[in-house]
Amino acid sequence: DDRSDPMVAAAIRVSSSCAMLEAGLLAEARAVLDASPKDQDDRSQPPIVAARAVIASYRGEIDESLELWDEVREGAALNSGVFAQLTRIEIRAARSRGEWAVEKHHIERMVASAEESRAVTIVATALAEGVWGSWLSQDGTMFGDSGARLDRLMQEPTLPVLTNFQLTPLGFRATAR
């Protein structure tokens, strides 16, 4: 049974936790991550630590999320797509502190990493983050640039249909296919 492999077990718990996170069940998501099998303590595995960082960020536990994120960056080789998604932790932290220049820097890193990954859904999410952050800070230039790029991307025939549903809660309209 593959579930006895520590990495597979961690991946299953991370997936379950992410589903709970998307449903708004933050406490349950964290409990799933913290529930290691009796014969192994895999809570220090990078996927588990990364998921805990995201949950802490969603819960507004900024210092904890940044500490966990630092631990992940130091201990794991992240591909550009994963890095782009986890950069949202730094964006949320900067946003919560009102540090627009820092937030803008992290958004730019997120978009660059997403584009490097060539994963269209991750690029769309990064651009949506840019639109939202620039709107909050009233940066009309970045808002216009990010918004125009996101609009063009949303018209791409290669864009997975579910991307529309992922971006709708952020205030973006679904495109007709």
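Anything mentioned here points back to the structure above.
For the structure given in this document, a descriptive report is provided here. (Residues numbered from 1 in each chain as written. Predicted model: local features only at pLDDT ≥ 70, side-chain atom pairs only at ≥ 80, totals over all residues. Heavy atoms only, no water.)

### What to know about the packing of helix α7 (residues 100–117) against helix α8 (residues 120–137)
Reasoning step 1: Across the interface, α7 lies against α8 with an axial gap of 8 Å and an inter-helix angle of 165°. In terms of axis orientation, α7 runs roughly antiparallel to α8. For the pair α7 and α8, the crossing hand works out as left-handed. From α7, W100, E103, I107, M110, V111, A114, E115 and S117 reach across to α8, where they touch I122, V123, A126, L127, E129, G130, G133, S134 and S137.
Reasoning step 2: Of the residues contributing to the contact of α7 with α8, the split by class is nine nonpolar, five polar and three charged. (Axes fitted to C-alpha atoms, helices over the stretch in contact; angles between N-to-C directions. Helix = DSSP H or I, 4+ residues; strand = E, 2+ residues; numbered from the N terminus. Parallel < 35°, antiparallel > 145°, perpendicular 65-115°, else oblique. Left-handed = near helix turned anticlockwise from the far one by under 90°. Contact = heavy atoms within 4.5 Å. Nonpolar A, V, L, I, M, F, W, Y, C, P; charged D, E, K, R; others polar.)

### Concerning the packing of aromatic side chains
Reasoning step 1: Applying the stated rule across the entire model yields two aromatic pairs.
Reasoning step 2: Their ring planes at 45° and their centres at 5.7 Å tell us that W69 and F83 sit as a pair that is tilted. Of the two residues, W69 is situated in helix α4 (residues 62–75) and F83 in helix α5 (residues 80–86); the sequence distance between them amounts to 14 residues. This pair shows no difference in class: W69 is buried, exactly as F83 is.
Reasoning step 3: Ring geometry for W132 versus W135: centroids 5.4 Å apart, planes at 20°, classification stacked. Of this pair, W132 and W135 both sit in helix α8, three residues apart, which is roughly one turn of the helix.
Reasoning step 4: Judged by its relative accessible area of 38%, W132 is partly exposed. (Phe/Tyr/Trp six-rings, centres within 6.5 Å; stacked < 30°, edge-to-face > 60°. Buried < 20%, exposed > 50% of the residue type's maximum accessible area, 1.4 Å probe, protein only.)

### Some thoughts on helix α3 (residues 46–58)
Reasoning step 1: Between its first and last C-alpha, α3 extends 18 Å over 13 residues, near the 18 Å set by a 1.5 Å rise per residue.
Reasoning step 2: α3 sits mainly inside the fold: 10 of its 13 residues count as buried.
Reasoning step 3: When α3 is considered as a whole, its buried residues turn out to be I48, V49, A50, A51, R52, A53, V54, I55, A56 and S57.
Reasoning step 4: Phi turns positive one or two residues past the end of α3, at G60, with a value near 80°. (Expected span 1.5 Å × (residues − 1).)

### Brief notes about a nonpolar patch on the surface
Reasoning step 1: Taken together, the side chains of W132, W135, L136 and F143 make up a nonpolar region of the molecular surface, amounting to roughly 420 Å² of accessible area.
Reasoning step 2: By residue number, the principal contributor to the nonpolar patch is α8, which donates three residues. (Patch = residues over 30% accessible without salt bridge, like charges linked within 9 Å, V, L, I, M, F, W, Y side chains within 5 Å. Areas by Shrake-Rupley, 256 points an atom, 1.4 Å probe, with all protein chains shown as cover. Salt bridge = Lys/Arg side-chain N within 4 Å of Asp/Glu carboxyl O.)

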